[in-house]
Amino acid sequence: MDAKTTEQLHSQAHALDARPVGEAARLMVEAQVAAASVVSSALQTLCDASEAMAQTIRNGGVLHYAAAGSSGLMAAADALELGGTFSIPSHQVCIHMAGGLPSGSEMPGDVEDDIESLQTAFPAGVSADTVIAVAASGSTPYTLHAAKLGRERGATVIAIANNRDAPLLALADFPILLETPPEVLSGSTRLGAGTSQKIALNTLSTLMGLRLGHIHDGMMVNVKADNAKLRGRAQSIVTQIAGVAPSDAQHALDNMDGDVKAAVLHAKGATAADAKALLSESGGHLRPALARLET
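Residues numbered from 1 in each chain as written. Predicted model: local features only at pLDDT ≥ 70, side-chain atom pairs only at ≥ 80, totals over all residues. Heavy atoms only, no water.

Chemist: It is not clear to me how the overall build of the protein chain should be interpreted in this structure. Could you clarify?
Modeler: A count of helices and strands for the protein chain gives 11 helices and seven strands. For the protein chain, the residues scored as buried account for 47% of the 295 residues in total. Carbon and sulfur atoms make up 52% of the accessible area of the protein chain, which totals about 13,800 Å². (Helix = DSSP H or I, 4+ residues; strand = E, 2+ residues; numbered from the N terminus. Buried < 20%, exposed > 50% of the residue type's maximum accessible area, 1.4 Å probe, protein only. Areas by Shrake-Rupley, 256 points an atom, 1.4 Å probe, with all protein chains shown as cover.)

Set out below in structure tokens:
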């Protein structure tokens, strides 16, 4: 049997195909809940790694998400949300997925060993960048090579893997081990391993947003309001934080070109110029800017 935990048989999966479907469903759900719980063992590394990601964004660097297969989908899902949630500029986020992002309903299965496409992905000047490399096995050639290239060229490397002693973790400045149990469907890492990876990635990027000042009282105050739903959310955020009527919140947003943080300060009485100056002084953090305005 393969020594990798992600390839072993689950202890309760014997005769899975012969059981009542409800019993099978309960086992699948319980196994994924168990997989989710392992992320709490990596909290400190997640905190430390999130600061490296925030520093990359502050310095104008690029976050490189690198993975293959199911792990690639988890990584891509996180990367693709950074613009809408935190207004991270698209030129500061790059997705390296073996075979490219799927455009249809099939995942390419023959590209995990294709490292040639990575040769131009990490130019020499990436010392301000961070690579987030994700592989359940921790030994996928594509992901390993991405981490090696990033490390060789001066980038910070964050690695997420689900097997202890995985080679990928040895390459990382911030190794995140998510030691999930064997899958109910052996080797199908879109299940428990993927669940744990999604939680870890969610936590990393949201902590990054917190460190950048893009979160206030659990609200996304750097949201990119580019559709009706998000414009309504932006108005609601300004209304709630500034304590003004929705019409006044919308007026402030209009005056500040949709900048939620600046609109909050403007709605609280700051001029447009003062709102921008206060945010500049606070490094983009709304709470100290509000405290300064109210003194």
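Chemist: Before we go on, may I ask you to explain the packing of helix α7 (residues 228-242) against helix α9 (residues 260-267) in this structure?
Modeler: To characterise two packed helices, one gives the angle between the axes of the helices and the distance between these axes. Where α7 meets α9, the axes come as close as 9 Å, and the angle between the chain directions of the two elements is 40°. Overall, the two elements α7 and α9 adopt an arrangement that is oblique. In this structure, α7 meets α9 at a crossing whose hand is right-handed. Taken together, the residues of α9 that come into contact with α7 (itself represented by Ala234, Ile237, Val238, Ile241 and Ala242) are Val260, Ala263, Val264 and Ala267. Of the residues belonging to the contact of α7 with α9, the class tally is nine nonpolar, no polar and no charged. (Axes fitted to C-alpha atoms, helices over the stretch in contact; angles between N-to-C directions. Parallel < 35°, antiparallel > 145°, perpendicular 65-115°, else oblique. Left-handed = near helix turned anticlockwise from the far one by under 90°. Contact = heavy atoms within 4.5 Å. Nonpolar A, V, L, I, M, F, W, Y, C, P; charged D, E, K, R; others polar.)

Chemist: Please clarify how the pattern of salt bridges should be interpreted in this entry.
Modeler: One side chain can pair with another of opposite charge once the charged atoms of both are near each other. Counted by the stated rule, this structure contains eight salt bridges. With its nearest N and O atoms 3.9 Å apart, the salt bridge here joins Arg151 to Asp173. Of this pair, Arg151 sits in helix α4 (residues 141-152) while Asp173 sits in the loop between α5 (167-170) and β5 (174-177), placing them 22 residues apart in sequence. The residue Glu281 makes a salt bridge to Arg292 at a minimum N-O spacing of 2.7 Å. On the criterion of sequence distance, the pair formed by Glu281 in helix α10 (residues 272-281) and Arg292 in helix α11 (residues 286-294) is long-range, its members being 11 residues apart. What makes Arg292 exposed here is its relative accessible area of 52%. (Salt bridge = Lys/Arg side-chain N within 4 Å of Asp/Glu carboxyl O.)

Chemist: Where do I start with the environment of Leu82 in this structure?
Modeler: Within the secondary structure, Leu82 is located in helix α3 (residues 69-86). With 67 residues separating them in the primary sequence, Leu82 and Leu149 have C-alpha atoms 24 Å apart. Contacts of Leu82, omitting those with residues within four sequence positions, involve Leu63, Tyr65, Ser87, Ile88, Val93, Ser205 and Met208.

Chemist: Explain the sheet that holds strand β3 (residues 130-135) here, please?
Modeler: Sheet strands associate in pairs through backbone hydrogen bonding, adopting either a parallel or an antiparallel arrangement. If you walk across this open sheet you meet the five strands as β2-β1-β3-β4-β5, and the pairing is parallel. The open sheet has two edge strands, β2 (93-97) and β5, and neither has a second partner. Strand-to-strand twist of the sheet, defined as the mean angle between neighbouring strand axes without regard to direction, takes the value 15°. Pairing of strand β4 (residues 156-161) with β5 involves four bridges; the strand directions are parallel. Paired with Ile160 across the bridge in β5 is Ile176. Running over the sheet, helix α2 (residues 43-58) touches β1 (63-67), β3, β4 and β5 and is turned about 135° from β5. Against the sheet, α4 touches β1, β2, β3 and β4, its axis set at about 160° to β3. (Pairing = 2+ DSSP bridges.)

Chemist: Can you walk me through unusual backbone geometry in this structure?
Modeler: The general pattern is negative phi for most residues beyond glycine and trans for most peptide bonds. One non-glycine residue, Ser87, adopts positive backbone phi at about 60°. As for its position among the elements, Ser87 is in the loop between α3 and β2. For Asp165, which is not glycine, the phi torsion reads 65° and is therefore positive. With respect to the helices, strands and loops of the structure, Asp165 is situated in the loop between β4 and α5. By relative accessible area, which is 74% here, Asp165 ends up exposed.

Chemist: Which parts of the structure should I look at to understand the nonpolar core?
Modeler: Generally speaking, nonpolar side chains in soluble globular proteins are found buried as a group. Among the nonpolar cores identified, the biggest contains 29 residues, and Tyr65 and Met208 are the most heavily contacted of them. Looking at this core, the elements with two or more residues in it are α2, β1, α3, β3, β4 and α6 (192-211). If near-sequence neighbours (up to four positions away) are discounted, Tyr65 is found in contact with Met53, Ala75, Asp78, Ala79, Leu82, Val93, Cys94, Ile95, His96, Ile132, Leu201 and Ser205. Counting 26 residues, the second-largest nonpolar core is a separate cluster that includes Ile237, Val244, Leu265 and Ala270. (Core = buried A, V, L, I, M, F, W, Y, C linked by side-chain atoms within 4.5 Å.)

Chemist: Sorry if this is basic, but what is going on with the pairing of β1 here?
Modeler: Regular strands place their side chains on alternate faces of the sheet. In terms of burial, β1 is largely enclosed, as five of its five residues are buried. Burial along β1 is two-sided: Leu63, Tyr65 and Ala67 and His64 and Ala66, pointing in opposite directions, are all buried. One ladder, built from five bridges, connects β1 with β3; its direction is parallel. From the neighbouring strand, His64 faces β3, where its bridge partner is Val131.

Chemist: When you look at the environment of Thr140 in this model, what are you seeing that I'm missing?
Modeler: Here Thr140 is to be found in the loop between β3 and α4. Taking the C-alpha atoms as reference points, Thr140 and Glu152, 12 residues apart in sequence, are found 18 Å from one another.

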